[in-house]
Amino acid sequence: MMNFIYGFLILFIAQTIVWFQCYGPLKIEWLSNNKWIIYAAAMPITWMFLKGTELMVTAFEGATWGPKFIQFCAGIISFAILSYIFNNESITLKEVICLGLSLCIICIQLFWK
């Protein structure tokens, strides 16, 4: 279970940093003027994805489908939070349902044996 928790946290943080890589320069002037930071973040992000995936595959006893779905859901959740905070994009019923489905995917992968 700890591999799952650590793996999810690492993947969630990696997805969060990726959001800043992709959307940060569009919304945050400082990032737009300092793109070298975005480029330099690529190596630690790669390590985070590798380590998070390794922990998740271990948690899923070698299976790879579950970790892929979890990584996708971590990205969706991170994207929703950051888009709300930085883009002032409201979370409509459609997004709430999609976030709920993401949580359902996580629960299915975690608890369905």
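Look up: the structure comes first, before these words.
Just so it is clear, the structure is predicted and the values come from calculations on it, not from any experiment.

**Student:** Can you tell me about the overall build of the chain, naming the residues and giving the values?
**Tutor:** Helices and strands together make up the secondary structure of the chain, namely 6 helices and 0 strands. Starting at the N terminus, the α and β elements of the chain follow one another as α-α-α-α-α-α. Each of the three principal axes of the chain carries a C-alpha extent, and together these read 50 × 35 × 20 Å. For the chain, the residues scored as buried account for 34% of the 113 residues in total. In the chain, the share of contacts with a sequence separation of at least 24, taken over all contacts with a separation of at least 6, comes to 72%. Surface summary for the chain: the accessible area is close to 7500 Å², and the carbon and sulfur share equals 72%.

**Student:** Go over the packing of aromatic side chains, please, and point to the residues and values.
**Tutor:** Applying the stated criterion across every chain, the model contains 9 aromatic pairs. Measuring from ring centre to ring centre gives 6.4 Å for F4 and F8, while their planes differ by 20°; the resulting arrangement is stacked. Residue F4 and its partner F8 are located together in helix α1 (residues 2-27), separated by 4 residues, close to a single helical turn. Among the residues examined, F8 registers a relative accessible area of 19% and is labelled buried. Members of the aromatic cluster, connected to one another through ring pairs, are W19, F20, Y23, F79 and F86.

**Student:** Any details on helix α6 (residues 93-111)? Residues and values, ideally.
**Tutor:** Here α6 is 19 residues long and its end C-alpha atoms lie 26 Å apart, about the 27 Å a rise of 1.5 Å per residue gives. Within the sequence span of α6, burial applies to L99, S102, I106 and L110. Seen along its axis, α6 keeps its buried residues to an arc of 70°; they face one direction. Exposed side chains of α6 directed beyond 90 degrees from the buried face belong to L93, K94 and F111. Check the buried side of α6 and you find it contacts α1 and α5 (65-87).

**Student:** Go over the pattern of salt bridges with me, naming the residues and quoting the values.
**Tutor:** Pairs may arise between side chains of opposite charge once their charged atoms sit close together. A full pass over the atoms with the stated rule returns 1 salt bridge. When the shortest N-O distance is used, the salt bridge between E54 and K51 registers 3.6 Å. Note that E54 and K51 are positioned in helix α4 (residues 42-59) at a spacing of 3 residues, about one turn of the helix.

**Student:** Explain the environment of S102 to me, using residue names and the numbers behind them.
**Tutor:** By the secondary structure assignment, S102 is in helix α6. Exposure remark for S102: the relative accessible area of 4% places this residue in the buried category. Taking the C-alpha atoms as reference, S102 lies 18 Å from Y6; in sequence the two are 96 residues apart. Apart from residues lying up to four places away in sequence, S102 is in contact with C73 and I76.

Reading guide: rules and limits
Residues numbered from 1 in each chain as written. Predicted model: local features only at pLDDT ≥ 70, side-chain atom pairs only at ≥ 80, totals over all residues. Heavy atoms only, no water. Helix = DSSP H or I, 4+ residues; strand = E, 2+ residues; numbered from the N terminus. Buried < 20%, exposed > 50% of the residue type's maximum accessible area, 1.4 Å probe, protein only. Contact = heavy atoms within 4.5 Å. Areas by Shrake-Rupley, 256 points an atom, 1.4 Å probe, with all protein chains shown as cover. Phe/Tyr/Trp six-rings, centres within 6.5 Å; stacked < 30°, edge-to-face > 60°. Expected span 1.5 Å × (residues − 1). Arc of directions from axis to C-beta. Salt bridge = Lys/Arg side-chain N within 4 Å of Asp/Glu carboxyl O.

So far we have only geometry, and geometry alone does not tell us how the molecule works.
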